[in-house]
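Descriptive analysis of the structure
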Amino acid sequence: MTWTEDVITRKPKTLKVRLPEYGVPYPARQQVREHGSWTGLTGRDLLRDYLVEEFGASLKALLQPRGLEIARHTDARYTRMARVTVPEHPHRIYFVFPTAGQPHVMTLPTRKRTWQITGVVVGALLLLALVVQLIA
């Protein structure tokens, strides 16, 4: 009789799945990712039901075991965020989200204002290039 002994070890692989972001600009998402207070989904949370209903089909494929895997497990977390516009400041959007201490307010220009600023900068650069060509 022969006896062979092996120790099987495995290291879980963590994959981050990002759901589609609708209407939240990158700087606001980045601030929330770094400084926001996040909450895990537990039990029969209404948000969990919404996620399953809205994104269940796309997430189901990611949750199926592959190859020699036995099973997969998911953890979902969320934070609340408010997008606020004020009539007195039509070219600003305020994003409010919770942090460890108090709510954080981030101000960003609207898409229209961003295009206006881009147009002014491009116009100034073209004017500068024209002046340089006239001088040279």
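Each value, and the rule that gives it
- Throughout this description, residue numbers start from 1 for each chain and increase along the sequence as written.
- In view of the model being predicted, local features appear only for residues whose pLDDT reaches at least 70, and side-chain atom pairs are presented and counted only at 80 or more, with totals across whole chains, interfaces and linings using the full set of residues.
- Note: side-chain values were computed over all heavy atoms of the structure, leaving out hydrogens and water.
- Here pLDDT means the predictor's own confidence in every residue, given as a number from 0 to 100.
- Secondary structure elements follow DSSP: runs of H or I of four or more residues count as helices, runs of E of two or more count as strands, with numbering from the N terminus.
- Whether a set of points on the 1 Å grid over the protein atoms alone is a cavity depends on a 1.4 Å probe fitting there but being unable to get out, while an open set qualifies as a pocket with protein on both sides within 12 Å along at least five of seven lines; lining residues are those with an atom within 4 Å of a point.
- Grid points are joined across faces, edges and corners, and a volume is the space filled by probe spheres set on the points.
- Throughout, the ten residues Ala, Val, Leu, Ile, Met, Phe, Trp, Tyr, Cys and Pro are labelled nonpolar, Asp, Glu, Lys and Arg are labelled charged, and all others, Gly among them, are labelled polar.
- Only buried residues count toward a nonpolar core, which is a set of Ala, Val, Leu, Ile, Met, Phe, Trp, Tyr and Cys residues joined through side-chain atoms within 4.5 Å.
- The buried label applies to any residue whose accessible area, calculated with a 1.4 Å probe on protein chains only, is under 20% of its type's maximum; exposed applies above 50%, and partly exposed to all values in between.
- In this description, contact between two residues means that some pair of their heavy atoms is separated by no more than 4.5 Å.
- Strands were regarded as paired on the criterion that DSSP finds at least two bridges between them.
- In this analysis, axes come from line fits to C-alpha atoms, helices being fitted only over the stretch in contact, and the angle between any two N-to-C directions falls in the range 0 to 180 degrees.
- Each patch is assembled from residues with relative accessible area greater than 30% and no salt bridge, linking like charges that lie within 9 Å and nonpolar side chains (Val, Leu, Ile, Met, Phe, Trp, Tyr) that lie within 5 Å.
- Residue burial considers only the protein chains on display, and all accessible areas are found by Shrake-Rupley using a 1.4 Å probe.
- Any Lys or Arg side-chain nitrogen located within 4 Å of an Asp or Glu carboxyl oxygen qualifies as a salt bridge.

As a note on interpretation, predicted positions should not be read in detail where pLDDT is low. Across the protein, the average pLDDT comes to 82, with 90% of residues at or above 70. Element-level mean pLDDT values for the protein span from 73 in helix α2 (residues 46–63) up to 95 in helix α3 (residues 111–135).

Further remarks concern the layout of surface pockets. Here the second largest pocket is characterised by a volume of approximately 290 Å³. What lines the second largest pocket is a set of 13 residues, among which P25, I93, P109, T110 and R111 lie closest to the centre. Listing elements by their share of the lining of the second largest pocket, those giving two or more residues are β4 (89–97), β5 (104–109) and α3. Looking at which element gives the most residues to the lining of the second largest pocket, the answer is α3, with three residues. The residue makeup of the lining of the second largest pocket, split by class, is eight nonpolar, three polar and two charged.

Now for the nonpolar core. Grouped together as the largest cluster of nonpolar side chains are five residues: A28, I93, F95, M106 and L108. Contributions of two or more residues to this core are made by β4 and β5. Apart from the residues within four sequence positions on either side, A28 is in contact with M81, F95, M106 and L108.

Along the chain, the position of T79 falls in the loop between β2 (77–78) and β3 (82–86). Since its relative accessible area comes to 18%, T79 is described here as buried. In this view, T79 contacts V32, S37, W38 and P98; residues no more than four positions away in its chain are not counted.

Sheet topology places β3 next to β4; four bridges connect them, and they run antiparallel. Considered in β4, the bridge of V86 is made with H89. In textbook terms, the turn of a hairpin is the stretch between consecutive antiparallel strands, and for β3 and β4 this stretch comprises two residues. Of the pairings in the sheet, the one linking β4 to β5 comprises six bridges and is antiparallel in character. Residue pairing in the sheet places F95 in a bridge with M106 of β5. Where β4 hands over to β5, the hairpin turn is made up of six residues, counted between the paired strands.

To continue, consider the sheet that holds β4. Read across the sheet, three strands follow the order β3-β4-β5 without closing on themselves; strand pairing throughout is antiparallel. Of all strands in the sheet, those with a lone pairing partner are β3 and β5, marking the two edges. The mean angle between the axes of side-by-side strands here comes to 30°, regardless of whether they run parallel or antiparallel. Across the sheet, helix α1 (residues 26–35) lies against β4 and β5, angled at about 160° from β5, the strand it touches most.

This part takes up a nonpolar patch on the surface. A contiguous nonpolar patch, built from I117, V121, L125, L128 and V132 and spanning about 460 Å² of accessible area, is present on the exposed surface. Classification of V132 by relative accessible area gives partly exposed; the value is 47%.

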